[in-house]
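Commentary on secondary and tertiary structure
For reference, the chains in residue letters:
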Amino acid sequence: MDLGVRWKLHGDGRTPAPGAVVRPDERLSWPRTVGLGAQHVVAMFGASFVAPVLMGLDPNLAIMMSGVATVIFLLATRGRVPSYLGCSLSFVGVAAVIRAQGGTSATVTGAVLVVGAVLFLVGLAVQRFGARIIHAAMPPIVTGAVVMLIGFNLAPVTASTYWPQDQWTALLVMLFTGLAVVCLRGFWSRIAIFLGLVFGYGISWAFDRIFGKIHSVSPSGKVTDHWRLDLSAVSHADWIGLPHLHGPSFQWSAVLVALPVVIALVAENAGHVKAVGEMTGDPLDDKLGTAISADGVASVLSTAVGGPPNTTYSENIGVMAATRVYSTAAYWAAAGFALLFGVCPKFGAVVAAIPGGVLGGITVILYGMIGLLGAQIWINAKVDLRNPLNLVPAAAGIIIGVGNVSMKFTDTFSLSGIALGTLVVITGYHALRAFAPAHLKTQEPLLDEGTSTYDTEAENGSPAGTRAPHAKS
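Just so you know, these numbers come straight off a predicted model, no measurement behind them.

Some words on the overall build of the chain
For the chain, the count of helices and strands is 21 helices and eight strands. Partitioning the contacts of the chain with sequence separation of at least 6, the portion at a separation of at least 24 is 78%.

Structure, rendered in structure tokens:
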């Protein structure tokens, strides 16, 4: 059985020839391949360790399981889809809502495990029936609205939890990160979030030396005098040791909050598979279902032991575009580095010490970017918001999701925020479409620009994959 773990040496093994690319089944020399793997780790690092911190999960375990998830993905796709699976930021809002309702880390991972299982089933369905079943249920107006409300639902977390801990550090980190995103080029712009965190560490350390302790809300929620950057736990942490594992706990209320994120994960995977296919010149339409299923399996495995869910990362797709090296051997090297970081508790202690003010500045930009990806889906698909069939369900669902509107059905069951907003968008759109006059039912592009050409070749005789790729993390 071909598992995609055999690579031919590309040229002299040093650099691709002008205009050439290193294909997934090729590699450069092993030292260069390992170096590229390290670069992929740096690219995924910022988001991959911010996500578990924001979800209240162990960053060491998260990084380690991202390596495991990447191995699963590479094996499942037989080495044809070079991609790194890192911790998904789409679940940060879900985790915040579940914890606000009294849920624990086990409750969070239990809810997300169910989402991973559903994602696996969606992948199987796509393998069996084709991507058109996704398009029928989730046109661009629906996917865009759901991604938007998931991102903007996080705004209160920044405003009430992180920013008040150190408003001036948060402001400086926000400004620095924004400048890094806009002004830096190539690889450096793709790790702007990571650079913002490093800058925040430095500013917090300097402010502690200059101004002493700050009188503000501490991470525990109490107003006290405390150091902005407390590294006391780092010196006591071991260099080598397994991360903390825990089993999941299942609560229906938490599962219902988490389930809408399936839509975002399907859109992410579809966009990324399409983007990689465009760049490598290898149509990967037949691997879309496999990629989605592999993501689901990896997320189930990670959450089963207490880690966060995973998704394909556009940061790493950007690294491939910049280097023209699409070798899956580099991703195996990256997975190996992630596993090594996962068994270093001292690294986890450093991550856990991220000051609240630093997270405040980072999340102002990060959460907004997540939400605006929804608008990007609308733009790419040319969604007409003047059409009330599109406007009404999206407007209602977004306000419900962002405002955390709640509906109580019984004393023990209610829907609110993300779950209720998603339900309103999906059911509202399809219900209104059933009754709308014919002139409002204009044909829309399918899902988003990155995947709108799936399954069209048989209908019109034109090759799929003629549009520019659209990827998001």
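Notes on the pattern of salt bridges
As enumerated under the stated definition, the model contains four salt bridges in all. Note that Arg 228 is salt-bridged to Asp 166, the shortest N-O span being 3.2 Å. Note that Arg 228 is positioned in the loop between strand 5 (223–226) and helix 11 (232–236) and Asp 166 in the loop between helix 7 (155–162) and helix 8 (167–183), a separation of 62 residues in sequence. With a relative accessible area of 13%, Arg 228 lands in the buried category. One salt bridge in this structure joins Asp 208 and Arg 228, with 3.0 Å as the shortest N-O distance. Of this pair, Asp 208 sits in helix 10 (residues 192–211) while Arg 228 sits in the loop between strand 5 and helix 11, and the two are 20 residues apart along the sequence. Accessibility classification places Asp 208 together with Arg 228 in one group, the buried group. In the salt-bridge network here, residues are joined through shared partners; they are Asp 166, Asp 208 and Arg 228.

Description of the environment of Ala 419
Position of Ala 419 among the secondary structure elements: in helix 20 (residues 417–435). Taking relative accessible area as the criterion, Ala 419 reaches 8% and is therefore assigned buried. With 273 residues separating them in the primary sequence, Ala 419 and Val 146 have C-alpha atoms 9.6 Å apart. What Ala 419 contacts, discounting residues up to four positions off in sequence, is Leu 256, Val 257 and Pro 260.

Remarks on the packing of helix 2 (residues 59–76) against helix 17 (residues 345–352)
Look at helix 2 against helix 17: their axes get within 8 Å of each other, and the N-to-C directions meet at 120°. In terms of orientation, helix 2 lies oblique with respect to helix 17. Residues Pro 59, Asn 60 and Ile 63 of helix 2 pack against Pro 345, Phe 347, Gly 348 and Val 351 of helix 17. In terms of residue class, the contact of helix 2 with helix 17 is made up of five nonpolar, two polar and no charged.

Observations regarding the nonpolar core
With 99 residues, the main nonpolar core has Ile 354, Tyr 367 and Trp 378 as its most contacted residues. It is helix 18 (residues 356–381) that contributes the most residues to this core, ten residues altogether. If we skip the residues at most four places from it in the chain, Ile 354 touches Phe 49, Leu 197, Tyr 201 and Leu 359.

Digging into the packing of helix 10 against helix 18
It is the contact of helix 10 with helix 18, at a shortest axis distance of 9 Å, that shows an interaxial angle of 155°. Classified by the angle between their axes, helix 10 and helix 18 sit roughly antiparallel to one another. Two packed elements cross with a definite hand, and for helix 10 against helix 18 that hand is right-handed. Within the contact between the two elements, helix 10 uses Ile 193, Gly 196, Leu 197, Gly 200, Tyr 201 and Ser 204 and helix 18 uses Val 358, Ile 362 and Leu 366. By residue class, the composition of the contact of helix 10 with helix 18 is six nonpolar, three polar and no charged.

Observations regarding unusual backbone geometry
Not every positive phi belongs to a glycine, and Arg 78 is a case in point at roughly 55°. Counting through the fold element by element, Arg 78 comes out in the loop between helix 2 and strand 3 (85–87). For Arg 78, a relative accessible area of 33% puts it in the partly exposed group. Positive phi values are uncommon outside glycine, yet Lys 382 reaches one of about 55°. Checked against the element boundaries, Lys 382 lands in the loop between helix 18 and helix 19 (388–403). Under the relative-accessibility criterion, Lys 382 is labelled exposed at 67%.

A closer look at a nonpolar patch on the surface
A cluster of nonpolar side chains, namely Leu 385, Leu 391, Val 392 and Leu 432, defines an oily patch on the protein surface of about 310 Å² accessible area. When you line up the elements, Val 392 lands in helix 19.

What about the confidence of the model for the chain?
Per-residue pLDDT for the chain has a mean of 79; in total, 87% of the residues score no lower than 70. Contacts for the low-pLDDT stretch residues 445–473, under 50 throughout, to residues beyond four places or in other chains number 83 contacts.

Points about the environment of Val 223
Residue position: Val 223 is located in strand 5. Remark: the alpha-carbon pair of Val 223 and Gln 165, spanning 58 residues in sequence, is separated by 9.0 Å. The residues contacting Val 223, other than those within four sequence positions of it, are His 215, Ser 216 and Val 217.

Considering the packing of aromatic side chains
Under the definition given, this model contains three aromatic pairs. Relative to Trp 30, the ring of Trp 7 has its centre 5.9 Å away and its plane inclined at 85°; by these criteria the two rings are edge-to-face. Taken as a pair, Trp 7 in the segment before strand 1 (8–9) and Trp 30 in helix 1 (residues 30–55) lie far apart in primary sequence, 23 residues in all. With a relative accessible area of 19%, Trp 7 lands in the buried category. Judged by centre distance (5.4 Å) and plane angle (70°), the rings of Phe 207 and Phe 211 are edge-to-face. Residue Phe 207 and its partner Phe 211 are both found in helix 10; the two are separated by four residues, about one turn of the helix. Of the residues examined, Phe 211 reaches a relative accessible area of 57% and is grouped as exposed. One cation-aromatic arrangement involves Lys 346 over Trp 239; the distance from NZ or CZ to the ring centre is 5.1 Å.

Reading the values: rules and limits
- Residues numbered from 1 in each chain as written.
- Predicted model: local features only at pLDDT ≥ 70, side-chain atom pairs only at ≥ 80, totals over all residues.
- Heavy atoms only, no water.
- Helix = DSSP H or I, 4+ residues; strand = E, 2+ residues; numbered from the N terminus.
- Contact = heavy atoms within 4.5 Å.
- Salt bridge = Lys/Arg side-chain N within 4 Å of Asp/Glu carboxyl O.
- Buried < 20%, exposed > 50% of the residue type's maximum accessible area, 1.4 Å probe, protein only.
- Axes fitted to C-alpha atoms, helices over the stretch in contact; angles between N-to-C directions.
- Parallel < 35°, antiparallel > 145°, perpendicular 65-115°, else oblique.
- Nonpolar A, V, L, I, M, F, W, Y, C, P; charged D, E, K, R; others polar.
- Core = buried A, V, L, I, M, F, W, Y, C linked by side-chain atoms within 4.5 Å.
- Left-handed = near helix turned anticlockwise from the far one by under 90°.
- Patch = residues over 30% accessible without salt bridge, like charges linked within 9 Å, V, L, I, M, F, W, Y side chains within 5 Å.
- Areas by Shrake-Rupley, 256 points an atom, 1.4 Å probe, with all protein chains shown as cover.
- pLDDT = per-residue confidence, 0-100.
- Phe/Tyr/Trp six-rings, centres within 6.5 Å; stacked < 30°, edge-to-face > 60°.
- Lys NZ or Arg CZ within 6 Å of the ring centre and 35° of its normal.

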